[in-house]
Amino acid sequence: MVFNISFFRERLRNIAQKRVPLLIKQRSAKSRSSILFGSVLDSWLNEERTKIKKSSYSTYFITVEQHIRPFFGALFPHEITPQMINNFIFQKCNPENDECLAPSTVRVISTVLRSVLQYSNLNGIQTCSAGFVTRPRLNNKKASVLSPSQLKTFEKWLLDNLNYEKLGILIC
């Protein structure tokens, strides 16, 4: 009889993914308070893996590993306060900070953090409410437009120094 090893590996992986959230649910309230937030992040990632596309999972995994786990991973879930979350979000999008991230990246981080907090609260792990996670607004940048005099000066310069690239710019 020939056994397909990949079938058994996949089966074991599925069983392990289903057991992690169940193990968290089965623990008493006393032992739940001893779970680090990093363990909650791992459990959330395992549960999300089965629900979403691989590309989304990859984005979530990178967000957790690069941003959320270094800041919150060593804390107990009940130690995380709304002020800590707001400071974390502000630190990520503060232009005066060397590690200032794009507003869209900060929105992804805050969305993932909100989802993890909701997951932990649904599984009986005491954390602050996910409603305290605010998503920063995206700043819409206005495009600058040349004034009519600037446009004439630019066109004159293009005509004076005409080549194929500048002709393409004139046509546009």
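Residues numbered from 1 in each chain as written. Predicted model: local features only at pLDDT ≥ 70, side-chain atom pairs only at ≥ 80, totals over all residues. Heavy atoms only, no water.

Scanning the protein chain from N- to C-terminus turns up eight helices and zero strands. Reading the secondary structure of the protein chain in the N-to-C direction produces α-α-α-α-α-α-α-α. Counting all 172 residues of the protein chain, 26% fall into the buried class. Taking the contacts inside the protein chain whose residues are at least 6 apart along the sequence as the reference set, 59% of them involve residues at least 24 apart. (Helix = DSSP H or I, 4+ residues; strand = E, 2+ residues; numbered from the N terminus. Buried < 20%, exposed > 50% of the residue type's maximum accessible area, 1.4 Å probe, protein only. Contact = heavy atoms within 4.5 Å.)

A word on the nonpolar core. If you look at the biggest cluster of nonpolar residues, it comprises 23 residues, and the most contacted ones within it are Phe37, Ile68, Phe72, Ile85 and Leu113. Take this core: its biggest share by element is seven residues, from helix H6 (residues 103-122). Look past the residues within four positions of phenylalanine 72 in its chain and what remains in contact with it is Phe37, Ile80, Met84, Ile85, Phe88 and Leu113. (Core = buried A, V, L, I, M, F, W, Y, C linked by side-chain atoms within 4.5 Å.)

Tallied over the entire structure, the rule returns five salt bridges. Note that lysine 51 is salt-bridged to glutamate 47, the shortest N-O span being 3.1 Å. For lysine 51, a relative accessible area of 55% corresponds to the exposed category. On the basis of relative accessible area, glutamate 47 is assigned to the partly exposed category, the value being 23%. As a salt-bridge pair, lysine 51 and glutamate 48 come within 3.9 Å of each other at their nearest N and O atoms. Salt bridges sharing partners connect three or more residues here, namely Asp42, Glu65 and Arg69. (Salt bridge = Lys/Arg side-chain N within 4 Å of Asp/Glu carboxyl O.)

Our focus in this paragraph is H6. Between its first and last C-alpha, H6 extends 29 Å over 20 residues, near the 28 Å set by a 1.5 Å rise per residue. Those residues of H6 lying buried are Val106, Ile109, Ser110, Val112, Leu113, Val116, Leu117, Tyr119 and Ser120. Looking at the residues trailing H6, positive phi occurs at glycine 124, about 80°. (Expected span 1.5 Å × (residues − 1).)

If you check helix H3 (residues 37-49), its first and last C-alpha atoms are 18 Å apart, about what 13 residues at 1.5 Å a residue would give, namely 18 Å. The complete set of buried residues in H3 reads Phe37, Gly38, Val40, Leu41, Ser43, Trp44, Leu45 and Glu48.

This part is about the environment of threonine 127. The residue threonine 127 is located in the loop between H6 and helix H7 (148-160) in this model. In this structure, the C-alpha to C-alpha distance between threonine 127 and proline 82, residues 45 residues apart in sequence, is 9.7 Å. Discounting chain neighbours no more than four positions away, the residues touching threonine 127 are Pro77, Leu117, Ser120 and Asn121.

A residue-level look at the protein chain finds 73% of positions with pLDDT of 70 or above and a mean pLDDT of 78. Across the protein chain, the element-wise mean pLDDT spans from 45 in helix H2 (residues 29-32) up to 91 in helix H4 (residues 54-72). (pLDDT = per-residue confidence, 0-100.)

Turning next to the packing of aromatic side chains. What the rule picks out here adds up to seven aromatic pairs. Pairing phenylalanine 37 with phenylalanine 72 gives two aromatic rings, centres 6.3 Å apart and planes at 70°, and the pair type is edge-to-face. Taken together, the residues phenylalanine 37 in helix H3 and phenylalanine 72 in helix H4 connect sequence positions 35 residues apart. Assigned by exposure class, phenylalanine 37 and phenylalanine 72 land together as buried. Both rings, one in tryptophan 44 and one in tyrosine 60, keep their centres 5.5 Å apart while their planes meet at 40°; by these two values the pair is tilted. Pair noted here: tryptophan 44 is in helix H3 and tyrosine 60 is in helix H4, with a separation of 16 residues, a long-range link. We classify tryptophan 44 as buried; its relative accessible area is 1%. By relative accessible area, tyrosine 60 is classed as partly exposed at 24%. Among the aromatic side chains, those forming a connected cluster through ring pairs are Phe37, Phe71, Phe72 and Phe88. (Phe/Tyr/Trp six-rings, centres within 6.5 Å; stacked < 30°, edge-to-face > 60°.)

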